[in-house]
Amino acid sequence: MAILDVRNLSVDYLAGECALHAVEGVSFRLEQGRSLGLVGESGCGKTTVMMALLRLLPQEGRIVDGQVVFDGRDLLQMTEAEMRRVRWCEMSMVFQGAMNALNPVRTVESQIVEVLLLHDAVDRPRAARRRAGELLEMVGIPAQRGRQYPHQYSGGMRQRAVIAMALACNPRVLIADEPTTALDVMIQAQILELLERLQAELNLSLIVVTHDLGMVAELCDDVLVMYGGMIAEYASGDELFNMPQHPYTRRLLEAFPDVEAPGSTLASIPGNPPRLDALPPGCRFEPRCDFEGRTAACGQEAPLPVEVSPGHLVACHWARRNL
Amino acid sequence: METQPILEVSDLHKHFPLARGVWGTLTRMPCRTVRAVDGVSFCVEQREILALVGESGSGKTTVGMNVLGLQQPTQGHVCFDGVDVAEWVHGRGVSVESNAQLSGVSRRRRVMILRERAQMIFQDPYESLNPRQKIFDIVAEPLEIHRLTASREEKAERVRLALETCGLAPADHFWSRFPAELSGGQRQRVAIAGALVLEPRLLVADEPVSMLDVSIRAEILNLLHTLRRERGITILYTTHDLATAGFFTDRMAVMYLGRIVELGPTAAVLSEPRHPYTRALISVIPAPNPRRRRKRQILQGEIPNAIDIPPGCRFHPRCPMAVEACRVSDPPLREVAPGHRVACHLA
């Protein structure tokens, strides 16, 4: 059974009188010990989906439809008190830019200890400090450096510390939102390797939210491509990178520079992602789509995801017609 | 045909002294310095795109600052258009006096001539544009400062041309807006238009795409490529991303801790890297396909700080291949193939 089963999740943001549909009908499943990459441009709703899973949406956000079944229980039906026991202890998140949100006037160790005590993972401060040291060692930071302050750490070390903090209460699912953006290439590779190792050692289920397709190709078993708040394509990594079906996925892959074929032209996707207050009536990618298989239907009706091969979902009229 | 390089950097050093504090001053402790750039030499030909690749702390941005005369080198020279940039900006020297356009011109005017010829594009278009200025004013400001346009119509025409060259067409659709109304890619286009409106011959682009989404990066890089082709602009492109540098630059210089460790034609550097650092950098670029997952050669630790530079080859503490000679002597940059130079004992 899947540890996390998201069904038809829809999120609105209230802006004055009107509701903006930030996420519509997103579904995916995550098995224990597997990894999922959630890919899309800025503003496509990928962070909103993760915030909705943990029920951490800002005040204007509303989950209007759907279920989030975690280990057999629907998180959306839980009380706030029950939800608090899920967050961090069972499902934990490394937020985007969290490495810059560490408290500058407290030592790294004390910030991890605070998590452990707050979530009752340990009951004594001394045990908490020992556990904090273990966590730091686990992500490759010498335990004694826990007594230092965040400004004494480099960017890569701060990111490691934040990952250690997210793993403090032995969660089963770890969500990492843009874990390598703003880091140097070599440090990115170190973090990638760390996530790979932790996932194998702890049998973690991992969700990586990113716009970096390379990271997803390296790390993830399954990939979900989002566009304009909806699923564009959902498939195993191998199938998505080698047999992409959705025109958006294809363009995204063409736009990714490949160092083994330098000099070849780099394609870009003309136009901009749709604004939430002016969503196109049909397929959300239609205004930017230049695929020859386009029809009038693309501009009128939003395509529903169809299964083109086992486990490979595509939301495109063309794919549906060619079944 | 012998072409004069537009930009010639020779043995450039830029050291920043560290404050000693009260105790340090009283006890006359030796003054420590950050050796941000420590002996860098390269040339850029007219119409060439040179990538300066390196991690944070490698000194690539400092090189860019010195090229534009925003900092004065501790040692060494930067020659742009045959004139020493430090003399150009700060004082009179032989190279300024012997230049017909610059001799006998006030310092203020000389700096303005430099700015008309060399411009910079900054990393973050969310920070580099004034949020309270309209797009038109942002792009027109250089023209006003340099008093380059006689009439309002001429100014509008040049702003229109700059915006439309940068893919913001029709220009009047954009120029009355504020930066907040534009997407990240469009903002970076505005920043480039602001640099282009003076029609410079050299652009220093400091990580121009690292803040942008992958789908938009390609557009900005293609734009830079077009500018070179159609206007013959020379570009110095600094980045930490070998993959984007690989696809549109002519030559590539890989920097480590204030030095160039490898310099050569981009295709040669990427296909036959000779320096272990370059090899490691290339091996960690993610391949956009799970079937091509490679063995990553991850260097442990981070680039050391530029105060305590290791003796010998400065890369040896992290080098997987280091031998005894690397601990002792500093390898010079030497030619291993035509135009391909490497600073490594083992190359």
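A quick note: this is a predicted structure, and the numbers were derived from the prediction, not measured. Residue numbering note: each chain is counted from 1, following its sequence as written. Chain A is the first chain written and ligand 1 is the first ligand written, with later ones labelled in order. Reporting in this predicted model follows two pLDDT cut-offs: at least 70 for local features of residues, and 80 or more for side-chain atom pairs to be given and counted; totals over whole chains, interfaces and linings ignore these cut-offs and use all residues. Where side-chain values are given, they derive from all heavy atoms of the structure, hydrogens and water being excluded.

J.: Would you mind going over the sheet that holds strand 1 (residues 4–15) of chain A with me for this structure?
T.: Working definition: the strands of a sheet are paired by backbone hydrogen bonds and lie parallel or antiparallel to each other. All names here are of chain A. Strands are labelled as partners when DSSP assigns at least two bridges between them. Secondary structure elements follow DSSP: runs of H or I of four or more residues count as helices, runs of E of two or more count as strands, with numbering from the N terminus. If you trace the four strands from one edge of the open sheet to the other, you get 2-1-4-5, paired in antiparallel fashion. Where the open sheet ends on each side, the last strands, each with one partner, are strand 2 (18–30) and strand 5 (73–74). Examined bridge by bridge, strand 4 (residues 61–70) and strand 5 share two bridges and lie antiparallel to one another. The residue bridging Phe70 from the neighbouring strand is Arg73, located in strand 5. Here helix 1 (residues 46–53) sits on the sheet and contacts strand 1, strand 2 and strand 4; the angle it forms with strand 1, its principal contact strand, is near 110 degrees. A contact between two residues is defined here by any heavy atoms of the two lying within 4.5 Å. Lines fitted to the C-alpha atoms define the axes, with helices restricted to the stretch that makes contact. Angles between their N-to-C directions range from 0 to 180 degrees.

J.: When you look at helix 6 (residues 185–202) of chain A in this model, what are you seeing that I'm missing?
T.: Since the α-helix packs 3.6 residues into each turn, any two residues three or four apart lie on the same face. Residues and elements named next belong to chain A. Expected span of a helix: the number of residues minus one, times 1.5 Å. Over its 18 residues, helix 6 runs 26 Å from end to end, which matches the ideal 26 Å to within 8%, given 1.5 Å per residue. Listing the buried residues of helix 6 in full gives Val185, Met186, Ile187, Gln188, Ala189, Gln190, Ile191, Leu192, Leu194, Leu195, Leu198 and Gln199. Just past helix 6, the residue Asn203 takes up positive phi, approximately 50 degrees. Each residue is assigned to one of three classes by its accessible area relative to the maximum for its type, calculated with a 1.4 Å probe on protein chains only: buried under 20%, partly exposed between the two thresholds, exposed over 50%.

J.: Explain a positive patch on the surface here, please?
T.: Each patch is assembled from residues with relative accessible area greater than 30% and no salt bridge, linking like charges that lie within 9 Å and nonpolar side chains (Val, Leu, Ile, Met, Phe, Trp, Tyr) that lie within 5 Å. Note on areas: Shrake-Rupley, 1.4 Å probe, and residue coverage restricted to the protein chains presented here. Each salt bridge in this description consists of a side-chain nitrogen of Lys or Arg and a carboxyl oxygen of Asp or Glu lying within 4 Å of one another. His residues and chain termini do not enter the charge count, which takes Lys and Arg as positive and Asp and Glu as negative. Lysine's charge is taken at NZ, arginine's at CZ, aspartate's at CG and glutamate's at CD. Residues Arg124, Arg126, Arg129, Arg130 and Arg147 of chain A make up a contiguous surface patch of positive charge. Topologically, Arg129 of chain A is positioned in helix 4 (residues 125–138).

J.: What is the right way to look at the interface of chain B and chain A in this model?
T.: Quite often, the size of an interface is put as the accessible area lost when its parts meet. If you look at the interface, chain B gives 40 residues, while chain A gives 44 residues. Summing both partners gives a buried area of about 3,800 Å² for chain B against chain A, and 53% of it is carried by carbon and sulfur. Three residues, Val214, Pro288 and Arg296 of chain B, lead the burial of chain B against chain A; their summed loss comes to 16% of the area buried on that side. Counting every contact that joins chain B to chain A gives four salt bridges. The salt bridge involving Glu196 of chain A is made with Arg296 of chain B; its shortest N-O contact spans 2.8 Å. Under this definition, polar contacts are N or O atom pairs within 3.5 Å; protein pairs additionally need one hydrogen-donor-capable and one acceptor-capable atom, and for neighbouring residues in sequence, both atoms have to be side-chain atoms. There are 14 residue pairs in polar contact (both at pLDDT 80 or more) connecting chain B and chain A. At the level of elements, helix 10 (214–231), helix 11 (242–248) and helix 13 (276–283) of chain B are the ones that each hand at least two residues to the side of chain B that touches chain A. Among the elements that line the side of chain B that touches chain A, the one with the most residues is helix 10 of chain B, at seven residues. Ten residues, namely Ala, Val, Leu, Ile, Met, Phe, Trp, Tyr, Cys and Pro, are considered nonpolar, four, namely Asp, Glu, Lys and Arg, are considered charged, and the remaining ones, Gly among them, are considered polar. Among the residues making up the side of chain B that touches chain A, the classes are represented as 17 nonpolar, twelve polar and eleven charged. Once two parts are put together, the accessible area they lose, assessed with a 1.4 Å probe and summed over both, is termed the buried area.

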